[in-house]
Amino acid sequence: MATLAFETIPHGNPTPADKRAALMADPGFGKVFSDHMVTIRWTPDKGWHEAQVRAREPFRIDPAAAVLHYAQEIFEGMKAYRLPEGGFSLFRPEENARRLNASAERMAMPEVPEELFLAAIEELVKADADWVPGGEGSFYLRPFMFASEAFLGVRPASEYIFCVIGCPVGAYFKGGFKTVSVWISEEYTRAAPGGTGAAKCGGNYAASLSATKEAFANGCDQVVFLDAVERKWIDELGGMNVFFVMDDNTIVTPKLGTILPGITRASVIRLAEEAGYTVKEELYSFDQWQADARSGRMREAFACGTAAVIAGIGTVKYRGGEFAIGNSGDGETTTQLRAKLTGIQRGTAPDAYSWTRKVQA
Ligand SMILES: *Cc1c(COP(=O)(O)O)cnc(C)c1O
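Numbering of residues starts from 1 in each chain and follows the order in which that chain's sequence is written. Confidence filtering applies because this is a predicted model: local features only for residues at pLDDT of at least 70, side-chain atom pairs given and counted only at 80 or more, and all residues used for totals across whole chains, interfaces and linings. Side-chain measures were taken over the full set of non-hydrogen atoms in the model, leaving aside hydrogen atoms and water.

## A word on the overall build of the chain
Only DSSP runs of H or I with at least four residues qualify as helices, and only runs of E with at least two residues qualify as strands; both kinds are numbered from the N terminus onward. From N to C terminus, the chain includes 8 helices and 18 strands. Along the longest, intermediate and shortest principal axes, the C-alpha atoms of the chain span 60 × 50 × 35 Å. Only protein chains enter the area calculation, which uses a 1.4 Å probe; residues under 20% of their type maximum are buried, those over 50% are exposed, and those in between are partly exposed. Expressed as a percentage of its 361 residues, the buried residues of the chain come to 52%. Considering only contacts within the chain whose residues lie at least 6 apart along the sequence, 72% involve residues at least 24 apart. Residue contacts are defined here by distance: any two heavy atoms, one from each residue, within 4.5 Å place the two residues in contact.

## A look at unusual backbone geometry
Backbone geometry places Ala108, a non-glycine residue, at a positive phi of 55°. Here Ala108 shows up in the loop between helix 3 (93–106) and helix 4 (114–127). The phi dihedral of Val309 is positive, around 65°, even though this residue is not glycine. Relative to the elements of secondary structure, Val309 occurs in strand 16 (residues 309–318).

## Regarding the site of the ligand
In this text, near means that some heavy atom of the residue lies within 4 Å of the molecule or strand in question. The local shell around the ligand holds 15 residues, among which Lys200, Tyr205, Glu236, Thr264 and Thr306 are the closest. We call two N or O atoms a polar contact when they sit within 3.5 Å, provided that within protein one can donate a hydrogen and the other can accept it, with sequence-adjacent residues counted only if both atoms are side-chain atoms. A distance of 3.5 Å separates a nitrogen atom of the ligand from a polar atom in the backbone of Met240. If the ligand stood free it would expose 390 Å²; the protein chains cover 97% of that surface. Accessible surface is estimated by sampling points in the Shrake-Rupley manner with a 1.4 Å probe; for residues, cover comes only from the protein chains shown.

## Here's the deal with the pairing of strand 17 (residues 321–324)
Strands pair, by our definition, only if DSSP identifies at least two bridges between them. Note that strand 16 and strand 17 share 4 bridges and pair antiparallel. Bridge pairing in strand 17 links Thr315 to Ala324. Adjacent in sequence and paired antiparallel, strand 16 and strand 17 are bridged by 2 residues.

## Points about the pattern of salt bridges
Salt bridge, as used here: a side-chain nitrogen of Lys or Arg that lies within 4 Å of a carboxyl oxygen of Asp or Glu. According to the stated counting rule, one finds 14 salt bridges in the structure shown. In this structure, Glu94 and Arg357 form a salt bridge, with 3.8 Å as the shortest nitrogen-oxygen distance. With Glu94 in helix 3 and Arg357 in strand 18 (residues 356–359), this residue pair connects regions lying 263 residues apart in the sequence. Take Glu94: its relative accessible area is 22%, and that puts it in the partly exposed class. Connected via shared salt-bridge partners are Glu94, Glu122 and Arg357.

## Let's talk about the domain arrangement of the chain
One can read the domain layout of the chain as domain 1 (7–169) and domain 2 (180–346). Each of domain 1 and domain 2 has a C-alpha centre, and these two points are 27 Å apart. With 24 residues of domain 1 at the interface, the matching set in domain 2 holds 21 residues. When two components associate, each loses some accessible surface as probed by a 1.4 Å sphere; the sum of these losses over both components is called the buried area. Carbon and sulfur atoms make up 58% of the area that domain 1 and domain 2 hide from each other, which totals about 1,900 Å². Counting across the domain 1 and domain 2 interface gives 0 salt bridges. Run the count over domain 1 and domain 2 and you get 14 residue pairs in polar contact (both at pLDDT 80 or more). Taken together, the elements giving at least two residues each to the side of domain 1 that touches domain 2 come down to strand 4 (73–75), strand 5 (78–82), strand 6 (88–91) and helix 3. Domain extents, as shown, originate in an automatic or database domain assignment.

## Some points on the environment of Asp287
Assignment of secondary structure puts Asp287 in helix 7 (residues 286–295). Expressed as a C-alpha distance, the spacing of Asp287 and Met240, which sit 47 residues apart in the sequence, is 21 Å.

## Here's the deal with the environment of Arg297
Secondary-structure assignment places Arg297 in the loop between helix 7 and strand 15 (298–305). C-alpha separation for the pair Arg297 and Met37, spaced 260 residues apart in sequence, amounts to 48 Å. Leaving out residues up to four positions away in the same chain, Arg297 has contacts with Val245, Met246, Asp247, Gln288 and Asp292.

## Remarks on a nonpolar patch on the surface
Patches here are clusters of residues that have more than 30% relative accessible area and form no salt bridge, with a 9 Å joining cutoff for like charges and a 5 Å cutoff for nonpolar side chains (Val, Leu, Ile, Met, Phe, Trp, Tyr). A surface patch of nonpolar side chains, amounting to about 340 Å² of accessible area, comprises Tyr70, Leu152 and Val154. Mapping Leu152 onto the fold places it in the loop between strand 7 (138–147) and strand 8 (160–169).

## Remarks on the packing of aromatic side chains
The criterion for an aromatic pair is that two Phe, Tyr or Trp rings (for Trp, the six-membered ring) have centres within 6.5 Å, with stacked assigned to planes under 30 degrees apart, edge-to-face to planes over 60 apart and tilted to the rest. The full count for this structure, using the stated rule, is 17 aromatic pairs. Plain terms: the ring middles of Phe244 and Tyr284 are 4.6 Å apart, the flat faces sit at 35° to each other, and that makes the pair tilted. With Phe244 in strand 12 (residues 241–246) and Tyr284 in the loop between strand 14 (278–281) and helix 7, this residue pair connects regions lying 40 residues apart in the sequence. One exposure class covers both Phe244 and Tyr284, and it is buried. Grouping aromatic residues by their ring pairs yields a cluster made of Phe244, Tyr284, Phe286, Trp289, Tyr318 and Phe323.

Below, the structure written as structure tokens:
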């Protein structure tokens, strides 16, 4: 399919430069939004149509819109980086396009042609180029799709809106890297075989929030989910995949299936193998995690995803107690893999795998 032409509707009231600079000085994560958004509509007769770049503003949707009742919604998360030589870089955005479509298929939603997805992302980066921070910051892009049809019957909706919004974000770890503490959720699970664990859908997150609340109540930063059948095997965190670094230079990570196939995860596996580690994608139990951490066989553990890139795990808490990983600080392998990955993403290291896609403003 030929890519749709985007209609640009001029912003009537863009944020003045001084106000934008103030907002971008300490944007945090997901709180400050850029001026524009991209929207594209889908109906059965027209397919994708009405592609627009326009001022970011609230949607007007019917109170009966299917998404508000049955949560037919999927999303992606990716970043644009300001390059030292000018222009911007996207990290493996084709993978986000493919994953969005895998999620769409699972949730009985229409697919977005890859070229259209990429064009939508690039349109927003160009429209909001001034909102892309330099230095340690980046521009977080949130493409998403939801069922907008007003209908309360239970079946896949026949109208959808695809939208991309963006926010400038600062360094995930302000003032140097810190390890995170994680809480093992023994009561709540995230995804069962045959369920939606591998789809990036809002419903998975809605179902994960009680466990996150429990993690916070126990003084932890993040939650770790176990498998839904045996409550034994490590799946992943609420929104990040997890890796375990052993003292014989093997790295273990849970295999795909009910977990979200992270693009950071796939990239880490590649970089780790290239660096000489043996990476095993396999079942790994919580019991084994405790044993390996306590015996010292496990040197490091880290979580990874687009937002944090790579975050070392320092402490693990559960109902029966807690244990530390290594010396609870950022380990050597964690630091090394993070440096390799962020170097490629930010354009300061050679891109040996052609993972980045350049965008000129
Ligand atoms: C998005 C996400 C990840 C990380 O995926 P990346 O492509 O690396 O950002 C991991 N787990 C869950 C549940 C997610 O939603």
